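Residue strings, one per chain:
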Amino acid sequence: MARWCYRHRLVVLLLWVGALFGLGFSASTAGTNYANVFSLPDTDSKSAYDLMEKAFPATSGDTDTVVWKVDEGSVKDQAVQDRIRPVLDGIAKMPGVGAVTSPYGPRGAAQISRDGTIAYAQLTFTQRANEVPKKLVEDVVDAAQGAERGGLQVELGGQAIQRVQEPPQGLSEIVGIGAAALVLFLAFGSFFAMTLPIAIAVFGVGMGLFSTQLLSHTTDIPDIAPLLASLIGLGVGIDYALFIVTRHRRGIERGLDPEEAAVTALNTSGRAVLFAGGTVCIALAGMLVTQLRFLDGVVIGTSLTVVLSVLAAATLLPALLGFLGPRVLSRRQRRRLAANGPAPEGASGLAARWSVNVEKRPRRIAALALVVMAVLAIPVLSLRLGATDQGNDDASTTTRKAYDLLAEGFGPGFNGPLQVVADGGDTATLVQGIESTPGVARVAALPPAQGVTVIQVVPTTSPQSKETDELIDTLRDKVIPQAGAQAHVGGVTAVSKDFASVTGDRLPLFIATIIGLGFLLLLVAFRSLVVPLTAALMNLIAAAASFGVLVAVFQWGWGLEALGLGKEGPINAFLPVIMLSLLFGLSMDYQVFLVSRMHEEWVHTRDNARAVRVGLAETSRVINSAALIMVCVFLAFVLSGDSGAAMAGVGLAAAVALDAFVLRTALVPAAMHLLGKSNWWLPQWLEKRLPHLAVEPKEEALTEPPAATEGPSTVVHGFVRTTEGEPLEGAAVTLLSKGGRQLDRVVSLADGSYIVSVPGPGTYLLAATASSYGSRAGHVVVAEGPLVYDVELAEGEVDAVN
């Protein structure tokens, strides 16, 4: 498929461009119909909602608030009324505004604070918040704030108002792509190579978002789904293309024709990308076991975007590589290739030196990494799930100011009233019981309808406080049963509490599901029990540390105001499930790319130390580059204006950084060095029953020498020396078949000489390694007689086996 896409690149490009513009036109024509479905079956708040819907059919419009405060006098003063009344009357006449409930009306006394300094009006739109035209909301805000003067403050709150104060759509994506482009340019040194991962991400995310928008008309998809789909789509799209382009560039540098390099890259790293994308989708699908309807749409949007990103990397990327040809290398690299010929296989520099250091000091490095992760995980012990509201907005926003004014004038609980819905029993006794309950500020019973009575309960504490949660439990467990009434506690605050409780209860099952699925995938891919067990443990460590960072920033408020992220509060109840899905999927990507290279080396040499050393040296640079790109993309979503997306961005940025820079680069290889050959242990009975899955096959040379054939025995002999020409004593020299079976192994003598036996003419792999001088391996072609083959080892160098 890669070869076909490479050769028919114009057709492939036109198909992708046509599909992107076609979906974009359809999505813009159809519009959006996102819906946040937080209701949960078999919960008390859902029962209250059902009764409310029966007795008081809900209006489809969104209700927002205009709040004003005077510094001196009262809001009832004629001068204040003369400024506010015309504004409210003008807003009421705007097309799209259904009604305006003023405090200056016949029943408006309750909308004025006791000290008379704060009042509010409720305005109801004819549409839901996400459907209200932005121009209408902007006109409402301009009209209301136009009434301000010295001593009179006017603010607005509500979902529709919040939408117009958010940064422009796409700002976070543009910033993330810009940061990723800078990292890619520094990594590749080529403008053309830099554009390839960006293009793949744009196509994958663009088509994913348009498809999600169209699907919002057929199923319930929350409005945060597009943001999360963009976040994960940009990350995986750029990363997957980065892995493939890096392999492609390496092939060209080693002398392959651009077409063969592209085919080889897709047949090696491309396979790993397919596997990694599948693990991300499986991790995302694990959210379905929670049976939370709100998350179903998130699974659809994010999984679809990941699938399209993988498809773009597998088909569109080879076509784009065909357009660029050798220009995927920088000019300096092309000049060096023309002057010096193909570059030798191997890894050197910082990555190789770090790999050697991990091999020398595995206990020290593993202990240090564990200490860092444990310290960062400490805050997770105080994790409290809940829901954010406009009280968590930035202090400079009008929604946050309106929230604070309402709390100041009518009490902290006014922004999150409870609704006790009764359909039987002694309602009068129930009202008296609620009034005498500690933590209740005000109680108001509305006239009954169809036998259902709604009692509005305003707590003395804010919607996000622990005391409000305890008040809900008290009403449900004590007050309502003692009154002998048939009633349920509802309202936004109660729904949020129930959502958090249900999520917390189902979280262990969810974690067990995605860890179990990840374990099975790695078990089949790497034919080992220890590798998937290590990966599962590392995922849990990364999750604990990343949630510790999240709690410290968003719940404890460390640096929150300085970063412009609003006010501290509980962690969104849906965030652990979403974050764990994305974290487990992304960390599995890095595990696959790291361990697949180690496994490839292990199959060739059966030397665990060499396999871990080579795997880390060859993959750590690209993994760290990919992680840095993801961190930039995720942190850019702090600019989205959505508190949930900001939380997810910070949490995932911390998770990816810790996973790549601490776990995969230090703790995992150190642990694998300590475990030795047991890394690759698998019971024989299980080996026979497991299906075979090739994640990343051995990269074959362009022209393959003939395989070993039957013939007379011969030898390979020579000297092992340093780069200065000094003989190396005690270097291990191993001869292996092309399939990785060890044929002979010797140790070099004092003069550096060695000799290994060869069963017959053919192609073999000769590997030489010395603990302080790194290692080197290469193919040798043995004819009828003995072959002289000298090996030179450089300190800190790690050579790859391909």
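Residues numbered from 1 in each chain as written. Predicted model: local features only at pLDDT ≥ 70, side-chain atom pairs only at ≥ 80, totals over all residues. Heavy atoms only, no water.

1. Some remarks on the overall build of the chain
Logical step 1: Within the chain, the regular secondary structure consists of 23 helices and 18 strands.
Logical step 2: Referenced to the eigenvectors of the C-alpha coordinate spread, the extents of the chain come out at roughly 110 × 55 × 45 Å.
Logical step 3: Counting all 802 residues of the chain, 55% fall into the buried class.
Logical step 4: Here the analysis covers contacts within the chain between residues at least 6 apart in sequence; of these, 77% occur between residues at least 24 apart. (Helix = DSSP H or I, 4+ residues; strand = E, 2+ residues; numbered from the N terminus. Buried < 20%, exposed > 50% of the residue type's maximum accessible area, 1.4 Å probe, protein only. Contact = heavy atoms within 4.5 Å.)

2. Overview of the environment of Leu136
Logical step 1: Positionally, Leu136 belongs in helix H5 (residues 134-145).
Logical step 2: Measuring from C-alpha to C-alpha, the distance between Leu136 and Met538 comes to 50 Å, with 402 residues separating the pair along the chain.
Logical step 3: Beyond its immediate sequence surroundings of up to four residues, Leu136 is in contact with Met94, Pro95, Gly96, Val97 and Phe125.

3. So, the sheet that holds strand S3 (residues 118-125)
Strands in a sheet are paired, the pairing made by backbone hydrogen bonds, and the direction either parallel or antiparallel.
Logical step 1: If you walk across this open sheet you meet the four strands as S2-S3-S1-S4, and the pairing is antiparallel. Among the strands making up the open sheet, the edge pair consists of strand S2 (97-101) and strand S4 (152-157). Here the strands of the sheet are splayed against their neighbours by 20° on average, with no regard to which way each runs.
Logical step 2: Where H5 meets the sheet, it contacts strand S1 (63-70), S2, S3 and S4, and its direction lies at approximately 160° from that of S4.
Logical step 3: The strands that helix H15 (residues 398-410) touches are S1, S3 and S4; relative to S4, the one it contacts most, it runs at about 110°. (Pairing = 2+ DSSP bridges. Axes fitted to C-alpha atoms, helices over the stretch in contact; angles between N-to-C directions.)

4. Examining the pattern of salt bridges
Logical step 1: Summed over the entire model, instances satisfying the criterion amount to 16 salt bridges.
Logical step 2: Taking the shortest distance from any N to any O, the salt bridge between Asp139 and Lys135 comes out at 3.0 Å. Of the two residues, Asp139 and Lys135 both sit in helix H5, four residues apart, roughly one turn of that helix.
Logical step 3: Look at Lys135 and you get exposed, because its relative accessible area is 54%.
Logical step 4: Between Asp473 and Lys497 there is a salt bridge, and its shortest N-O distance comes to 3.0 Å. You can see Asp473 sitting in helix H17 (residues 466-483) and its partner Lys497 sitting in helix H18 (residues 492-526), a full 24 residues away along the chain.
Logical step 5: Given the relative accessible area of 31%, Asp473 is considered partly exposed.
Logical step 6: The network of salt bridges with shared partners includes Arg3, Arg7, Glu259 and Glu260. (Salt bridge = Lys/Arg side-chain N within 4 Å of Asp/Glu carboxyl O.)

5. A word on the environment of Gly208
Logical step 1: With respect to the helices and strands, Gly208 occurs in helix H8 (residues 191-215).
Logical step 2: For the pair Gly208 and Leu509, spaced 301 residues apart in sequence, the C-alpha to C-alpha distance is 29 Å.
Logical step 3: If near-sequence neighbours (up to four positions away) are discounted, Gly208 is found in contact with Leu304, Thr305 and Leu308.

6. Section: the side chain of Ser230
Logical step 1: With respect to the helices and strands, the residue Ser230 is situated in helix H9 (residues 225-253).
Logical step 2: Excluding its chain neighbours within four sequence positions, the residues that come into contact with Ser230 are Glu173, Val205, Leu209 and Phe637.

7. So, a negative patch on the surface
Logical step 1: The grouping of Glu724, Glu726, Glu792 and Glu795 at the surface amounts to a negative patch.
Logical step 2: Mapped onto the secondary structure, Glu792 falls in strand S18 (residues 791-793).
Logical step 3: Note on Glu792: relative accessible area 46%, which makes it partly exposed. (Patch = residues over 30% accessible without salt bridge, like charges linked within 9 Å, V, L, I, M, F, W, Y side chains within 5 Å. Areas by Shrake-Rupley, 256 points an atom, 1.4 Å probe, with all protein chains shown as cover. Lys, Arg positive; Asp, Glu negative; His and termini not counted. Charge placed at Lys NZ, Arg CZ, Asp CG, Glu CD.)

8. A word on the packing of aromatic side chains
Logical step 1: Within this structure, the stated rule accounts for eight aromatic pairs.
Logical step 2: When the ring of Tyr120 is compared with that of Phe410, the centres are 5.2 Å apart and the planes differ by 85°; the resulting orientation is edge-to-face. With a gap of 290 residues between them, Tyr120 in strand S3 and Phe410 in helix H15 connect regions that are remote in the sequence. Summarising the burial analysis for this pair, Tyr120 and Phe410 share the class buried.
Logical step 3: Above the ring of Tyr6, the side-chain terminus of Arg9 is found at 5.4 Å from the ring centroid.
Logical step 4: In this structure, Arg327 packs its charged tip against the face of Phe192, placed 5.4 Å from the ring centre. (Phe/Tyr/Trp six-rings, centres within 6.5 Å; stacked < 30°, edge-to-face > 60°. Lys NZ or Arg CZ within 6 Å of the ring centre and 35° of its normal.)

9. Structural notes on the packing of helix H20 (residues 575-605) against helix H21 (residues 608-636)
Logical step 1: It is at 8 Å that the axes of H20 and H21 come closest, and there the two elements cross at 160°. Taken together, the axis directions place H20 and H21 in an arrangement best described as roughly antiparallel. Considering only the axes of H20 and H21, their crossing is right-handed.
Logical step 2: Here the contact of H20 with H21 is composed, by residue class, of 15 nonpolar, four polar and four charged. (Parallel < 35°, antiparallel > 145°, perpendicular 65-115°, else oblique. Left-handed = near helix turned anticlockwise from the far one by under 90°. Nonpolar A, V, L, I, M, F, W, Y, C, P; charged D, E, K, R; others polar.)

10. Side note on the sheet that holds strand S6 (residues 418-422)
Logical step 1: Read from one edge of the open sheet, four strands run S7-S8-S6-S9, paired in antiparallel fashion. Each edge of the sheet is formed by a strand with only one pairing partner; in this case those strands are strand S7 (440-445) and strand S9 (487-490). Within this sheet the neighbouring strands show an average axis-to-axis angle of 20°, counted without direction.
Logical step 2: Where S6 lies against S9, four bridges are found, and the strand directions are antiparallel. Opposite Ala422, over in S9, you have Ala487 as the bridge partner.

11. Focus on a positive patch on the surface
Logical step 1: A cluster of basic residues, Arg331, Arg332, Arg335 and Arg336, forms a positive patch at the surface.
Logical step 2: Mapped onto the fold, Arg336 is located in helix H12 (residues 331-340).
Logical step 3: Residue classification places Arg336 among the partly exposed positions, given a relative accessible area of 43%.

12. What to know about the pairing of S4
Logical step 1: In terms of burial, S4 is a largely internal element, five of the six residues being buried.
Logical step 2: Direction of pairing for S1 relative to S4: antiparallel, over a ladder of six bridges. Bridge pairing in S4 links Lys69 to Gln153.

13. Describing the state of the cysteines
Logical step 1: Taken as a whole and assessed by the stated rule, the structure comprises zero disulfides.
Logical step 2: Lacking any disulfide linkage, Cys5 is separated from the closest cysteine sulfur, that of Cys281, by 20 Å. (Disulfide = S-S within 2.5 Å.)

14. Some points on the environment of Asn267
Logical step 1: Within the secondary structure, Asn267 is located in helix H10 (residues 258-285).
Logical step 2: With 23 residues separating them along the chain, Asn267 and Ile244 place their C-alpha atoms 9.5 Å apart.
Logical step 3: Here the side chain of Asn267 touches Arg271 through a polar contact of 2.9 Å, side chain to side chain. (Polar contact = N/O pair within 3.5 Å; in protein donor to acceptor, adjacent residues only side chain to side chain.)

15. Topic: the confidence of the model for the chain
Logical step 1: Per-residue confidence for the chain gives a mean pLDDT of 83, with 91% of residues at or over 70.
Logical step 2: Here helix H6 (residues 159-164) stands out as the element of the chain with the lowest mean pLDDT, 77, in contrast to helix H14 (residues 362-377), whose mean of 94 is the highest.
Logical step 3: Contacts for the low-pLDDT stretch residues 698-711, under 50 throughout, to residues beyond four places or in other chains number 29 contacts. (pLDDT = per-residue confidence, 0-100.)

16. Looking at a nonpolar patch on the surface
Logical step 1: Residues Leu182, Phe185, Leu186, Phe191 and Phe192 make up a contiguous nonpolar surface patch of roughly 540 Å² in combined accessible area.
Logical step 2: For the nonpolar patch, the secondary structure elements donating two or more residues are helix H7 (171-188) and H8.
Logical step 3: Per-element accounting of the nonpolar patch gives the leading share, three residues, to H7.
Logical step 4: Structurally, Phe191 can be placed in helix H8.

17. Side note on the packing of H18 against H20
Logical step 1: Across the interface, H18 lies against H20 with an axial gap of 11 Å and an inter-helix angle of 15°. In terms of orientation, H18 lies roughly parallel with respect to H20. Between H18 and H20 lies a crossing of right-handed hand. In contact with Thr503, Leu507, Phe510, Ile511, Ile514, Ile515, Gly518, Leu522, Ala525 and Phe526 of H18, H20 contributes Pro576, Val577, Leu580, Ser581, Phe584, Met588, Gln591, Val592, Val595, Ser596 and His599.
Logical step 2: Grouping the amino acids of the contact of H18 with H20 by side-chain chemistry returns 15 nonpolar, six polar and no charged.

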